[in-house]
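As a plain string of letters, each chain reads:
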Amino acid sequence: MEILYKSTRDNSKKVTASYAITKGIAEDGGLFVPEKFPSLDISLEELSELDYKGVAYEVMKLFFTDFTEEELLYCIDKAYDSKFDSKEIVPMSYVDKAYYLELFHGSTIAFKDMALSILPYLMKVSAKKNNINEDIVILTATSGDTGKAALAGFAGVEGVKIMVFYPKGGVSAIQEKQMVTQVGDNVKVVGIKGNFDDAQTGVKNIFADKEFNDLLNKSGYRFSSANSINIGRLIPQVVYYAYSYANLLKNGKIEEGDLINFVVPTGNFGNILAGYFAKCIGIPINKLICASNENKVLYDFFESSVYDRNRDFILTTSPSMDILISSNFERLIYLSCGCDSNKNKELMKELSEKGSYKASEEMKKFIDESFVGGFASEKSVSSRIKNVYDKTGYVLDTHTAVASAVYEQYKDATEDDTTTVIVSTASPYKFTRAVLSSIDGIDHKEDDFVLVDKLCALTGMAIPKAVSDIREAAVLHDTVCGKDEMEEEVRKFLKL
Ligand SMILES: *Cc1c(COP(=O)(O)O)cnc(C)c1O
């Protein structure tokens, strides 16, 4: 079955998967969604016999129908190799009555590697298919993890330039060091005086600036996005939901057809939306539990049907979730109103003009069938890290701890004893200061890399290569700009 993609803001046109990947975002500002959902064409039993790459092929071939088998296998092979420090790619640990799906074994030790390891290859193949001869300029806003994962994926890739904007002061010290030490002739990293939403809005505005795009095209470039608005990031994320199910089935933890829950630490709503796509293709999922930190816009939506970004932006110890405008939520809103792009456009207009909108009763009912919302305060994140460590010796990073804390609340409130997978999105070594302080109760004043050694001494957990590699690395990027100067920085980088 051929799957084409439509924009959430104008569903009169259809494009191929490869075209959607090269564009990133639709011209009308909407996001691409599949016009209908395909179904897995092998049984769950058969799926359970496959390794990660095998599952990746079975899932991605359903969505990327204009890729040949050879092209897709090439992309998958290149992506999921020894860059990952685990043969399983995504190992699972059973800790305190839940499964932790560890998505942080890639080169930048956060879950963004799952999709950004493959996106450069998908993009390369897509550009060729669409006869694109211009150089692709990837503009990316990051709340901390996408930046490095995208840089690692695209550095040195011919025909591509990549520029990353991150909120100066809004990411962890290790995250920042990872980005500003990035080598490569085709890369540029810029801090902005603003928060993640400012960075994301700035990038979206540049994408939408027609004049600037014309200038760019004349100079032999075209933009694309490595943010989770790109379907080339969303679809590879569906894979590990299917793989988790297959893995639990293979190991006799569930029977074929049993439902399972996933708890997902959420920011831009890309990860959890991929879980929903997995459900739509036939993975038996009961609830997708959306875990927010104190920036609990989504939790409040689940409570009230109102999405309201008019509130203070809080800097938390889980910076990759410090987001008030969850871009991918637009896709769920679109699906929930029966794929009515006019209705969705109206609501998104309200969001950009008033900062809020209200979903109808039917839309909310549709969403509640699959999703539950929860949030964790900074205090409960910290005590969850300590409790799990004291009880089991397992160390959670701050983002995973948000999910774990929300799961504890959920179990208390519902007594739901469905087999549950907690989606673990980062290595504790990326957020050493907050993790160590949670465990030993000390307000540490030392440098972050000293704390890396302390965390290692305390827990015995091996220091990942991603961290030891950047310890002594030289800072190569020190540009900081105002949030209104991002376009200027793009011009400078491209010499326009
Ligand atoms: C990006 C990120 C998240 C949030 O994922 P979304 O897809 O934006 O919801 C959670 N945890 C970590 C560590 C991340 O890097």
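Residues numbered from 1 in each chain as written. Predicted model: local features only at pLDDT ≥ 70, side-chain atom pairs only at ≥ 80, totals over all residues. Heavy atoms only, no water.

(A) Structural detail: the site of the ligand. Every one of the 15 residues lining the ligand counts as a neighbour, but K112, D145, G267, N268 and T425 are closest to it. Between the ligand and F269, the relevant distance is 3.0 Å, taken from an oxygen atom to a main-chain nitrogen or oxygen of the residue. Interatomic distance of 2.8 Å between a backbone N/O atom of N271 and an oxygen atom of the ligand. Its free accessible area being 380 Å², the ligand has 98% of it covered by the protein chains. Split into classes, the residues belonging to the shell around the ligand amount to 5 nonpolar, 8 polar and 2 charged. (Near = heavy atom within 4 Å. Polar contact = N/O pair within 3.5 Å; in protein donor to acceptor, adjacent residues only side chain to side chain. Areas by Shrake-Rupley, 256 points an atom, 1.4 Å probe, with all protein chains shown as cover. Nonpolar A, V, L, I, M, F, W, Y, C, P; charged D, E, K, R; others polar.)

(B) Highlighting the nonpolar core. Counting residues in hydrophobic clusters, the biggest one holds 113 residues, and the most contacted among them are Y5, M60, F64 and Y80. Among the elements that line this core, the one with the most residues is helix α11 (residues 231-250), at 13 residues. Among all residues touching F64, those that are not within four sequence positions of it are Y5, A17, I21, L72, L122, I231, G232, I235 and P236. Core analysis: the second largest hydrophobic core is formed by 39 residues, I174, M321, A401 and F431 among them. (Core = buried A, V, L, I, M, F, W, Y, C linked by side-chain atoms within 4.5 Å. Buried < 20%, exposed > 50% of the residue type's maximum accessible area, 1.4 Å probe, protein only. Helix = DSSP H or I, 4+ residues; strand = E, 2+ residues; numbered from the N terminus. Contact = heavy atoms within 4.5 Å.)

(C) Layout of the packing of helix α14 (residues 329-336) against helix α15 (residues 341-354). It is the contact of α14 with α15, at a shortest axis distance of 8 Å, that shows an interaxial angle of 140°. The angle between the axes of α14 and α15 places the two elements in the oblique class. Of the two elements, α14 crosses α15, and the hand of that crossing is right-handed. When α14 is examined against α15, the residues E330, I333 and Y334 are found in contact with a partner set consisting of S341, N344, L347 and M348. Of the residues assigned to the contact of α14 with α15, the class counts are 4 nonpolar, 2 polar and 1 charged. (Axes fitted to C-alpha atoms, helices over the stretch in contact; angles between N-to-C directions. Parallel < 35°, antiparallel > 145°, perpendicular 65-115°, else oblique. Left-handed = near helix turned anticlockwise from the far one by under 90°.)

(D) Spatial organisation of the packing of aromatic side chains. In the structure shown here, the tally under the stated rule is 23 aromatic pairs. Relative to F223, the ring of F207 has its centre 5.6 Å away and its plane inclined at 85°; by these criteria the two rings are edge-to-face. Here F207 is found in helix α9 (residues 196-208), whereas its partner F223 is found in strand β9 (residues 221-225), with 16 residues between them in sequence. Each member of the pair, F207 as well as F223, is classed as buried. Summarising the aromatic geometry, the rings of Y276 and F366 are spaced 6.4 Å apart at their centres and angled 65° between planes, so their arrangement reads as edge-to-face. With a gap of 90 residues between them, Y276 in helix α12 (residues 270-280) and F366 in helix α16 (residues 361-368) connect regions that are remote in the sequence. Relative accessible area serves as the criterion here: at 28%, F366 is assigned to the partly exposed category. Taken together, the aromatic side chains of F269, Y276, F301, F302, Y307, F329, Y357, F366 and F371 make up a single cluster linked through ring pairs. Looking at K129, its charged tip hangs above the ring of F67, at a distance of 5.7 Å from the centre. (Phe/Tyr/Trp six-rings, centres within 6.5 Å; stacked < 30°, edge-to-face > 60°. Lys NZ or Arg CZ within 6 Å of the ring centre and 35° of its normal.)

(E) Local environment of the pairing of strand β6 (residues 135-141). Burial analysis of β6 places 6 of its 7 residues in the buried class, the great majority of the element. The pairing of β6 with β9 spans 5 bridges and is parallel. Pairing of I138 across the sheet is with S224, part of β9. Here β6 pairs with strand β7 (residues 160-167) via 6 bridges, running parallel. Within β7, the position partnered with T140 by the bridge is V164. On the question of chirality, the crossover connecting β6 to the parallel β7 by way of helix α7 (residues 145-154) is right-handed. (Pairing = 2+ DSSP bridges. Right-handed = clockwise from strand over helix to strand, strands pointing away.)

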